[in-house]
Amino acid sequence: MSTLIFGHKNPDTDSICSAISLTYLKNKLGIDAKACALGTPKKEALFALNYFGVESPCVINEAKGNDIILVDHNELIQTVDDIKEANLIEIVDHHKVEISTDVPISIRVMPVGCTCTIVYNLFKENNVEIPKHIAGLLLSAILSDTLLFKSPTTTEMDIKACEELENLAEVNKEEYAMEMFKAGTSLDEYTISEIVNMDFKEFDMAGKKVGIGQVFTLDIDSILSKKDEFLEFINNTDHDMLVLAITDIIKEGSYLLYKADDNIISEAFNVKAHQGVFAEGVVSRKKQLVPNLTNMVK
Ligand code: MN
Ligand code: MN
(Lines give C-alpha, C1' and ligand atoms only; values in the text may rest on other atoms or scores of the structure.)
(Ligands and ions follow the chains in the order given, each with its own letter.)
Protein backbone atom coordinates (compact mmCIF):
# COMPACT_ATOMS: atom_id res chain seq x y z
CA MET A 1 0.00 0.00 0.00
CA SER A 2 1.30 3.47 -0.82
CA THR A 3 2.46 5.83 1.85
CA LEU A 4 -0.02 8.71 2.12
CA ILE A 5 1.48 12.19 2.25
CA PHE A 6 -0.76 15.03 3.34
CA GLY A 7 -0.88 18.49 4.92
CA HIS A 8 -3.27 19.92 7.50
CA LYS A 9 -7.06 20.14 7.49
CA ASN A 10 -8.48 23.17 5.72
CA PRO A 11 -5.42 22.99 3.45
CA ASP A 12 -3.59 26.09 2.30
CA THR A 13 -1.31 26.32 -0.71
CA ASP A 14 1.70 25.02 1.24
CA SER A 15 -0.19 21.94 2.47
CA ILE A 16 -1.28 21.07 -1.06
CA CYS A 17 2.02 21.83 -2.80
CA SER A 18 4.34 20.28 -0.21
CA ALA A 19 2.34 17.03 -0.30
CA ILE A 20 2.53 16.83 -4.09
CA SER A 21 6.19 17.77 -4.36
CA LEU A 22 7.37 15.52 -1.52
CA THR A 23 5.39 12.69 -3.12
CA TYR A 24 7.18 13.33 -6.42
CA LEU A 25 10.54 13.19 -4.61
CA LYS A 26 9.67 9.98 -2.73
CA ASN A 27 8.56 8.33 -5.96
CA LYS A 28 11.85 9.32 -7.62
CA LEU A 29 13.64 7.72 -4.68
CA GLY A 30 11.73 4.49 -5.28
CA ILE A 31 9.20 4.90 -2.51
CA ASP A 32 5.56 4.22 -3.31
CA ALA A 33 3.80 7.35 -2.09
CA LYS A 34 0.56 9.15 -2.88
CA ALA A 35 -0.26 12.83 -2.44
CA CYS A 36 -3.46 13.45 -0.48
CA ALA A 37 -5.24 16.35 1.19
CA LEU A 38 -7.55 16.71 4.18
CA GLY A 39 -9.91 18.94 2.24
CA THR A 40 -10.31 20.42 -1.21
CA PRO A 41 -7.76 23.00 -2.40
CA LYS A 42 -8.81 26.63 -2.19
CA LYS A 43 -8.77 29.24 -4.93
CA GLU A 44 -5.10 30.15 -4.54
CA ALA A 45 -3.85 26.55 -4.63
CA LEU A 46 -6.19 25.78 -7.52
CA PHE A 47 -4.66 28.64 -9.46
CA ALA A 48 -1.16 27.18 -8.93
CA LEU A 49 -2.25 23.63 -9.82
CA ASN A 50 -4.00 24.86 -12.91
CA TYR A 51 -1.12 27.13 -13.98
CA PHE A 52 1.38 24.28 -13.84
CA GLY A 53 -0.99 21.61 -15.11
CA VAL A 54 -1.02 19.47 -11.97
CA GLU A 55 -3.97 17.44 -10.75
CA SER A 56 -5.47 18.12 -7.31
CA PRO A 57 -4.41 15.59 -4.68
CA CYS A 58 -7.06 13.10 -3.65
CA VAL A 59 -9.11 14.17 -0.64
CA ILE A 60 -9.12 11.71 2.25
CA ASN A 61 -10.70 11.76 5.69
CA GLU A 62 -9.19 8.59 7.08
CA ALA A 63 -5.78 6.98 7.03
CA LYS A 64 -6.34 3.87 9.14
CA GLY A 65 -3.80 1.13 8.45
CA ASN A 66 -1.65 3.26 6.12
CA ASP A 67 1.90 4.49 6.42
CA ILE A 68 1.63 8.27 6.54
CA ILE A 69 3.89 11.31 6.21
CA LEU A 70 2.68 14.64 7.55
CA VAL A 71 3.69 17.86 5.84
CA ASP A 72 3.09 21.46 6.97
CA HIS A 73 1.66 20.39 10.37
CA ASN A 74 2.25 18.07 13.29
CA GLU A 75 -0.53 18.90 15.76
CA LEU A 76 -3.06 16.13 16.33
CA ILE A 77 -5.99 18.53 16.14
CA GLN A 78 -4.97 19.60 12.63
CA THR A 79 -4.48 16.13 11.22
CA VAL A 80 -6.57 13.19 10.09
CA ASP A 81 -9.02 12.10 12.81
CA ASP A 82 -7.91 8.46 12.92
CA ILE A 83 -4.16 9.17 13.06
CA LYS A 84 -3.79 6.83 16.04
CA GLU A 85 -4.78 3.94 13.79
CA ALA A 86 -2.31 4.92 11.07
CA ASN A 87 1.44 4.37 11.02
CA LEU A 88 3.16 7.75 11.16
CA ILE A 89 6.65 7.38 9.65
CA GLU A 90 7.78 10.93 8.90
CA ILE A 91 7.09 14.64 9.39
CA VAL A 92 8.31 17.53 7.23
CA ASP A 93 7.20 20.82 8.75
CA HIS A 94 8.02 24.40 9.70
CA HIS A 95 5.86 24.71 12.83
CA LYS A 96 6.69 24.12 16.47
CA VAL A 97 6.76 20.46 17.35
CA GLU A 98 3.79 19.31 19.39
CA ILE A 99 3.58 15.65 18.61
CA SER A 100 5.08 12.75 20.55
CA THR A 101 5.40 9.26 19.12
CA ASP A 102 5.73 5.76 20.49
CA VAL A 103 8.52 4.78 18.12
CA PRO A 104 11.31 6.77 16.44
CA ILE A 105 10.29 8.47 13.22
CA SER A 106 11.98 10.79 10.71
CA ILE A 107 11.35 14.41 11.53
CA ARG A 108 12.56 17.31 9.46
CA VAL A 109 11.47 20.58 11.05
CA MET A 110 13.19 23.85 10.21
CA PRO A 111 12.40 27.44 11.19
CA VAL A 112 11.80 28.64 7.63
CA GLY A 113 8.87 30.44 6.01
CA CYS A 114 7.38 27.45 4.23
CA THR A 115 7.39 23.64 4.20
CA CYS A 116 8.18 23.77 0.50
CA THR A 117 11.51 25.45 1.28
CA ILE A 118 12.41 22.30 3.23
CA VAL A 119 11.15 20.07 0.41
CA TYR A 120 13.27 22.08 -2.04
CA ASN A 121 16.32 21.34 0.12
CA LEU A 122 15.40 17.65 0.26
CA PHE A 123 15.53 17.57 -3.55
CA LYS A 124 19.03 19.11 -3.36
CA GLU A 125 20.23 16.71 -0.67
CA ASN A 126 19.02 13.75 -2.69
CA ASN A 127 20.35 15.09 -5.99
CA VAL A 128 16.97 14.84 -7.64
CA GLU A 129 16.26 17.24 -10.46
CA ILE A 130 13.24 19.50 -9.96
CA PRO A 131 10.97 19.50 -13.03
CA LYS A 132 9.17 22.65 -14.11
CA HIS A 133 5.75 21.78 -12.67
CA ILE A 134 7.18 20.84 -9.26
CA ALA A 135 9.33 23.98 -9.23
CA GLY A 136 6.16 25.94 -9.94
CA LEU A 137 4.31 24.39 -7.02
CA LEU A 138 7.24 24.84 -4.62
CA LEU A 139 7.55 28.47 -5.69
CA SER A 140 3.79 29.07 -5.32
CA ALA A 141 3.76 27.76 -1.76
CA ILE A 142 6.80 29.76 -0.66
CA LEU A 143 5.40 32.98 -2.17
CA SER A 144 2.07 32.24 -0.49
CA ASP A 145 3.35 31.39 2.99
CA THR A 146 5.83 34.31 3.02
CA LEU A 147 3.41 36.72 1.31
CA LEU A 148 6.05 37.45 -1.33
CA PHE A 149 8.71 37.71 1.44
CA LYS A 150 6.73 40.37 3.34
CA SER A 151 5.92 38.07 6.24
CA PRO A 152 8.31 38.30 9.21
CA THR A 153 8.62 34.49 9.03
CA THR A 154 10.61 34.81 5.78
CA THR A 155 14.19 33.54 5.93
CA GLU A 156 17.22 33.75 3.66
CA MET A 157 16.61 30.10 2.74
CA ASP A 158 13.14 30.88 1.40
CA ILE A 159 14.44 33.72 -0.74
CA LYS A 160 17.35 31.65 -2.07
CA ALA A 161 15.10 28.74 -2.96
CA CYS A 162 12.82 31.06 -4.95
CA GLU A 163 15.72 32.45 -6.95
CA GLU A 164 16.33 29.05 -8.50
CA LEU A 165 12.68 27.98 -8.54
CA GLU A 166 11.54 31.00 -10.52
CA ASN A 167 13.98 30.05 -13.29
CA LEU A 168 12.99 26.39 -13.23
CA ALA A 169 9.31 27.33 -13.27
CA GLU A 170 9.92 29.88 -16.04
CA VAL A 171 7.97 32.68 -14.39
CA ASN A 172 8.76 36.08 -12.93
CA LYS A 173 8.11 35.56 -9.22
CA GLU A 174 6.73 39.03 -8.49
CA GLU A 175 4.32 38.98 -11.42
CA TYR A 176 3.35 35.38 -10.78
CA ALA A 177 2.75 36.06 -7.07
CA MET A 178 0.43 38.97 -7.82
CA GLU A 179 -1.56 36.87 -10.29
CA MET A 180 -1.82 34.06 -7.77
CA PHE A 181 -2.82 36.38 -4.89
CA LYS A 182 -5.41 38.04 -7.12
CA ALA A 183 -6.94 34.70 -7.99
CA GLY A 184 -6.77 33.59 -4.36
CA THR A 185 -8.47 36.70 -2.96
CA SER A 186 -10.94 37.32 -5.75
CA LEU A 187 -14.38 38.37 -4.51
CA ASP A 188 -16.02 37.73 -7.87
CA GLU A 189 -18.56 35.25 -6.57
CA TYR A 190 -19.97 37.67 -3.97
CA THR A 191 -22.68 40.30 -4.36
CA ILE A 192 -22.14 43.97 -3.48
CA SER A 193 -24.15 43.52 -0.29
CA GLU A 194 -22.18 40.42 0.71
CA ILE A 195 -18.88 42.23 0.22
CA VAL A 196 -19.92 45.30 2.24
CA ASN A 197 -21.27 43.09 5.02
CA MET A 198 -18.51 40.49 4.93
CA ASP A 199 -16.77 41.99 7.95
CA PHE A 200 -18.97 44.89 8.97
CA LYS A 201 -19.21 46.61 12.35
CA GLU A 202 -21.32 49.46 13.63
CA PHE A 203 -20.19 52.18 15.99
CA ASP A 204 -21.80 55.06 17.81
CA MET A 205 -19.61 58.09 17.28
CA ALA A 206 -20.94 61.17 19.09
CA GLY A 207 -24.51 60.03 18.49
CA LYS A 208 -23.95 59.20 14.83
CA LYS A 209 -24.46 55.70 13.50
CA VAL A 210 -21.23 54.79 11.73
CA GLY A 211 -20.60 51.57 9.84
CA ILE A 212 -17.14 50.33 8.91
CA GLY A 213 -16.66 47.37 6.61
CA GLN A 214 -13.35 45.89 5.65
CA VAL A 215 -12.42 43.32 3.02
CA PHE A 216 -9.04 41.97 2.07
CA THR A 217 -8.39 41.42 -1.61
CA LEU A 218 -5.69 41.98 -4.19
CA ASP A 219 -8.23 42.04 -6.96
CA ILE A 220 -8.89 45.75 -6.42
CA ASP A 221 -9.66 46.46 -10.06
CA SER A 222 -12.72 44.25 -10.13
CA ILE A 223 -14.10 46.05 -7.03
CA LEU A 224 -13.38 49.55 -8.28
CA SER A 225 -14.90 48.73 -11.66
CA LYS A 226 -18.20 48.38 -9.77
CA LYS A 227 -17.66 51.60 -7.83
CA ASP A 228 -21.01 53.13 -8.77
CA GLU A 229 -22.94 50.06 -7.68
CA PHE A 230 -21.07 50.01 -4.37
CA LEU A 231 -21.80 53.70 -3.79
CA GLU A 232 -25.46 53.26 -4.59
CA PHE A 233 -25.66 50.45 -2.04
CA ILE A 234 -23.65 52.34 0.58
CA ASN A 235 -25.67 55.55 0.17
CA ASN A 236 -28.93 53.67 0.59
CA THR A 237 -28.13 52.30 4.02
CA ASP A 238 -29.49 54.03 7.12
CA HIS A 239 -26.02 54.90 8.44
CA ASP A 240 -25.04 58.51 9.03
CA MET A 241 -21.60 57.55 7.85
CA LEU A 242 -20.20 54.40 6.28
CA VAL A 243 -16.70 53.49 5.17
CA LEU A 244 -15.78 50.41 3.20
CA ALA A 245 -12.05 49.74 3.33
CA ILE A 246 -10.74 47.44 0.61
CA THR A 247 -7.40 46.45 2.04
CA ASP A 248 -4.43 45.44 -0.10
CA ILE A 249 -1.91 43.69 2.15
CA ILE A 250 0.87 43.80 -0.43
CA LYS A 251 0.60 47.55 -1.01
CA GLU A 252 -0.10 47.92 2.73
CA GLY A 253 -3.02 50.28 2.51
CA SER A 254 -6.74 50.49 1.81
CA TYR A 255 -8.90 51.86 -0.94
CA LEU A 256 -11.86 53.70 0.57
CA LEU A 257 -15.45 53.89 -0.63
CA TYR A 258 -17.59 55.97 1.71
CA LYS A 259 -20.77 57.75 2.63
CA ALA A 260 -19.27 60.68 4.47
CA ASP A 261 -18.17 64.25 4.09
CA ASP A 262 -14.99 64.46 1.97
CA ASN A 263 -13.40 66.66 4.64
CA ILE A 264 -13.80 64.02 7.31
CA ILE A 265 -12.15 61.37 5.13
CA SER A 266 -9.37 63.75 4.08
CA GLU A 267 -8.52 64.67 7.64
CA ALA A 268 -9.00 61.22 9.15
CA PHE A 269 -6.69 59.46 6.71
CA ASN A 270 -4.47 62.27 5.56
CA VAL A 271 -5.52 61.97 1.92
CA LYS A 272 -7.19 64.12 -0.69
CA ALA A 273 -10.56 62.43 -0.45
CA HIS A 274 -12.38 61.02 -3.43
CA GLN A 275 -14.24 57.74 -3.92
CA GLY A 276 -11.71 54.91 -4.19
CA VAL A 277 -8.86 56.97 -2.70
CA PHE A 278 -5.89 54.91 -1.51
CA ALA A 279 -5.05 55.47 2.15
CA GLU A 280 -1.46 54.39 2.52
CA GLY A 281 -0.58 52.45 5.64
CA VAL A 282 -4.21 52.05 6.71
CA VAL A 283 -4.71 48.31 7.24
CA SER A 284 -6.32 47.95 10.68
CA ARG A 285 -9.90 48.78 11.52
CA LYS A 286 -9.29 48.56 15.24
CA LYS A 287 -6.10 50.60 15.33
CA GLN A 288 -6.65 53.03 12.46
CA LEU A 289 -10.08 53.20 10.84
CA VAL A 290 -12.11 53.42 14.05
CA PRO A 291 -9.93 55.80 16.11
CA ASN A 292 -9.19 58.09 13.14
CA LEU A 293 -12.86 58.43 12.26
CA THR A 294 -13.93 58.78 15.89
CA ASN A 295 -11.50 61.67 16.34
CA MET A 296 -12.86 63.43 13.28
CA VAL A 297 -16.54 62.98 14.13
CA LYS A 298 -15.94 64.36 17.62
MN1 MN B 1 -0.18 25.70 6.24
MN1 MN C 1 3.24 26.34 5.74
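Residues numbered from 1 in each chain as written. Chains lettered and ligands numbered in written order. Predicted model: local features only at pLDDT ≥ 70, side-chain atom pairs only at ≥ 80, totals over all residues. Heavy atoms only, no water.

Colleague: Quick question: what am I supposed to make of the overall build of the chain here?
Modeller: Summing up its helical and strand segments, the chain has 11 helices and 11 strands in all. Residue burial in the chain is summarised as follows: out of 298 residues, 53% are buried. A sequence separation of at least 24 residues applies to 61% of the contacts in the chain between residues at least 6 apart. Summed over its atoms, the accessible surface of the chain is roughly 14200 Å², and 48% of this surface lies on carbon and sulfur atoms. In the chain, 28 positive and 47 negative side-chain charges are present, and the distance between their average locations comes to 3 Å. (Helix = DSSP H or I, 4+ residues; strand = E, 2+ residues; numbered from the N terminus. Buried < 20%, exposed > 50% of the residue type's maximum accessible area, 1.4 Å probe, protein only. Contact = heavy atoms within 4.5 Å. Areas by Shrake-Rupley, 256 points an atom, 1.4 Å probe, with all protein chains shown as cover. Lys, Arg positive; Asp, Glu negative; His and termini not counted. Charge placed at Lys NZ, Arg CZ, Asp CG, Glu CD.)

Colleague: Help me understand the packing of helix 2 (residues 43-51) against helix 6 (residues 173-184), please; the structure alone is not making it clear to me.
Modeller: When two helices pack together, their arrangement is given by the angle between the helix axes and by the axis-to-axis distance. Put simply, helix 2 and helix 6 touch, their axes get as near as 7 Å, and they point 130 degrees apart. Put simply, helix 2 runs oblique to helix 6. Here helix 2 runs over helix 6; the crossing is right-handed. Counting all contacts with helix 2, which are made through Lys43, Glu44, Phe47, Ala48 and Tyr51, the residues of helix 6 involved are Tyr176, Glu179, Met180, Phe181, Ala183 and Gly184. (Axes fitted to C-alpha atoms, helices over the stretch in contact; angles between N-to-C directions. Parallel < 35°, antiparallel > 145°, perpendicular 65-115°, else oblique. Left-handed = near helix turned anticlockwise from the far one by under 90°.)

Colleague: Before we go on, may I ask you to explain the sheet that holds strand 9 (residues 241-248) in this structure?
Modeller: The strands making up a sheet associate through hydrogen bonds between their backbones, and the pairing can be parallel or antiparallel. Taken together, the 5 strands give an open sheet; going across it, the order is 7-8-9-10-11, and neighbouring strands pair in mixed fashion. Of all the strands in the sheet, the pair left with one neighbour each is strand 7 (200-205) and strand 11 (277-280). Taken pair by pair, the neighbouring strands of this sheet meet at an average axis angle of 30 degrees, ignoring direction. Note that strand 7 and strand 8 (residues 208-216) share 6 bridges and pair antiparallel. (Pairing = 2+ DSSP bridges.)

Colleague: I'm lost on the coordination of the manganese ion (ligand 1) in this one. Help?
Modeller: In an ideal tetrahedron of four donors about a metal, each angle is 109.5 degrees. In an ideal octahedron of six donors, the angles are 90 or 180 degrees. Looking at the manganese ion (ligand 1), one finds its protein donor set to be His8 (NE2), Asp12 (OD) and Asp72 (OD), positioned 2.1 to 2.3 Å from the metal centre. Donor residues for the manganese ion (ligand 1), ordered by position in the chain, follow H-x3-D-x59-D. Taken as a pair, the manganese ion (ligand 1) and the manganese ion (ligand 2) show a spacing of 3.5 Å, with Asp72 coordinating each metal. Residue His8 is located in the loop between strand 1 (3-6) and helix 1 (13-28), and its partner Asp72 is located in the loop between strand 4 (67-71) and strand 5 (87-93); the two are separated by 64 residues in the primary sequence. Neither His8 nor Asp72 differs from the other in exposure class; each is buried. (Donors = N, O, S within 2.8 Å, 3.2 Å for Na, K, Ca; no water.)

Colleague: What am I meant to see in the coordination of the manganese ion (ligand 2) here?
Modeller: Each protein donor to the manganese ion (ligand 2) is listed here as Asp14 (OD), Asp72 (OD), His94 (NE2) and Asp145 (OD); together their distances run 2.1 to 2.3 Å. Binding-site remark: the manganese ion (ligand 2) is held by donors from one chain whose sequence spacing is D-x57-D-x21-H-x50-D. Given the relative accessible area of 1%, Asp72 is considered buried.

Colleague: Would you mind going over the packing of helix 10 (residues 262-269) against helix 11 (residues 285-297) with me for this structure?
Modeller: One way to put it is that helix 10 packs onto helix 11 with a least axis distance of 9 Å and a crossing angle of 125 degrees. Classified by the angle their axes make, helix 10 and helix 11 are oblique. As helix 10 packs across helix 11, the resulting crossing turns out to be right-handed. For the pair helix 10 and helix 11, the contacting residues are Ile264, Ile265, Glu267, Ala268 and Phe269 in the first and Gln288, Leu289, Asn292, Leu293 and Met296 in the second.

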